[in-house]
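Residue-level structure breakdown
For reference, the chains in residue letters:
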Amino acid sequence: MKRLKSFVAKILRRLLPFKYYKLVANGFIIVPSYYKSIIEDAEKYMNLSLLDSPEKDVLLMRKYAHILDKGLHRRDAEPGHSKSVYENLKLLIGKLSKTRYSKDATYIWAESKLEKYEMLQRDPKSFEPFCGEPVTSQISYENLFSLIKQRRSNRVFKERQISEDVIRHLKEVANWAASSCNKQPIQLFVTNNPDLSKKCLACCKGGTGFSDYIPSFWAFTANVRGYVWPSEMYLPYIDVSLGAQNLFLAAETFGVSGTVLSWAQKNKQEELQLKSLLSIPDDCTIVFCAVLGYPLYRYLTPIRKNVE
Ligand SMILES: Cc1cc2nc3c(=O)[nH]c(=O)nc-3n(C[C@H](O)[C@H](O)[C@H](O)COP(=O)(O)O)c2cc1C
């Protein structure tokens, strides 16, 4: 039965255009039409993730290096495990060695995992698992909690731009969040040009109640090329959100405040417009947007529910 199925699949693959072959291969399913744009988006990004590209290679390089790294921290690490992961990683490192990604710190990090893995295979007796130094936080719970509570969605801003230096610092903290399989997929597209920011804000349905002066506009995106399974379709949203919270907290330390703007209700036109205004490439899915600036006055705190 299995052989017959695979034989029929091969024939259909040859006969049908890919679009229809995929439908047959995955079983037809009828869904209400209001899911159409969600499914179209999911399909678009899934197809992109199936194509070969250096962007995909670098995301998967971090993933495979992360899998090896986990094993290499184990005190009971033994040779002979995760061979296919090692081979995939070696292949990607070889491919990326000829690209601009070979200068990236994560490339060098991934190479060091490969070397340690090879060393374990060669000489298991002298292998010592990775082990970091103990750490104690310099920041008290009270200080952190007070910063968390201080973060506010303010929507009226002073006529003061955010410097490129602050933008760079904020981009940096976003990438220090946890990410699925350490892919580090967040890509931020930012303008601190108030005129352009205002045009970008006009693409967001929730962009109401804001001051006329918009200091900076941010699109929080994930590069989709590293999410290769349909079961991973929600991971970009998680990865980006974790990074964004780091960023909004860090912004408060500069006196800057950020307000999230939903992208869930966007239509095709708004998507095209924003992608063109901020030169966002096709393989980056917009998770949400935000306006950041120095608040003219602070919004009152919406009280939080009782967690008991
Ligand atoms: C996913 C998400 C979407 C949001 N969308 C909007 C929006 O479109 N417009 C807006 O003014 N605020 C938006 N917000 C901000 C919320 O209204 C705000 O976080 C909430 O009221 C709590 O207030 P606080 O952030 O000051 O604690 C959004 C927040 C999140 C997390």
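For the structure itself, look to the data block above.
In what follows, the accompanying structure is described. Fair warning: this is a prediction, and the values are worked out from it, not measured in the lab. (Residues numbered from 1 in each chain as written. Predicted model: local features only at pLDDT ≥ 70, side-chain atom pairs only at ≥ 80, totals over all residues. Heavy atoms only, no water.)

**Notes on the overall build of the protein**
Condition: Only runs of H or I of at least four residues qualify as helices and only runs of E of at least two qualify as strands under DSSP, and these elements are numbered from the N terminus. Only protein chains enter the accessibility calculation, which uses a 1.4 Å probe. A residue is then buried if its area is under 20% of the maximum for its type, exposed if over 50%, and partly exposed in between. Contacts are assigned to residue pairs that have any heavy atoms within 4.5 Å of one another. Surface exposure here means Shrake-Rupley accessible area, sampled with a 1.4 Å probe, where a residue is shielded only by the protein chains that are shown.
Of the regular secondary structure elements, the protein holds 11 helices and four strands. Seen through its principal axes, the protein has C-alpha atoms that stretch 65 × 55 × 50 Å. Split into buried and exposed, the 308 residues of the protein put 39% on the buried side. Here the analysis covers contacts within the protein between residues at least 6 apart in sequence; of these, 82% occur between residues at least 24 apart. In the form shown here, the protein has an accessible surface area of approximately 19,300 Å², with 58% of it arising from carbon and sulfur atoms.

**A few points about the sheet that holds strand β4 (residues 284–293)**
To be explicit about the condition: Pairs of strands are assigned from DSSP output, requiring at least two bridges between the strands. Fitting a line to C-alpha atoms yields each axis, with helices limited to the stretch in contact; the angle taken between N-to-C directions then spans 0 to 180 degrees.
Spatially, four strands are ordered β1-β2-β4-β3 in an open sheet, and the strand pairing comes out antiparallel. The open sheet has two free edges, formed respectively by β1 (186–191) and β3 (257–262), since each of these has just one partner strand. Between one strand axis and the next, the sheet turns through 30° on average, direction left out of account. In terms of strand pairing, β1 meets strand β2 (residues 216–223) through six bridges, oriented antiparallel. Bridge pairing in β2 places Ile186 opposite Ala222. Against the sheet, helix α8 (residues 164–174) touches β1, β2 and β4, its axis set at about 160° to β1.

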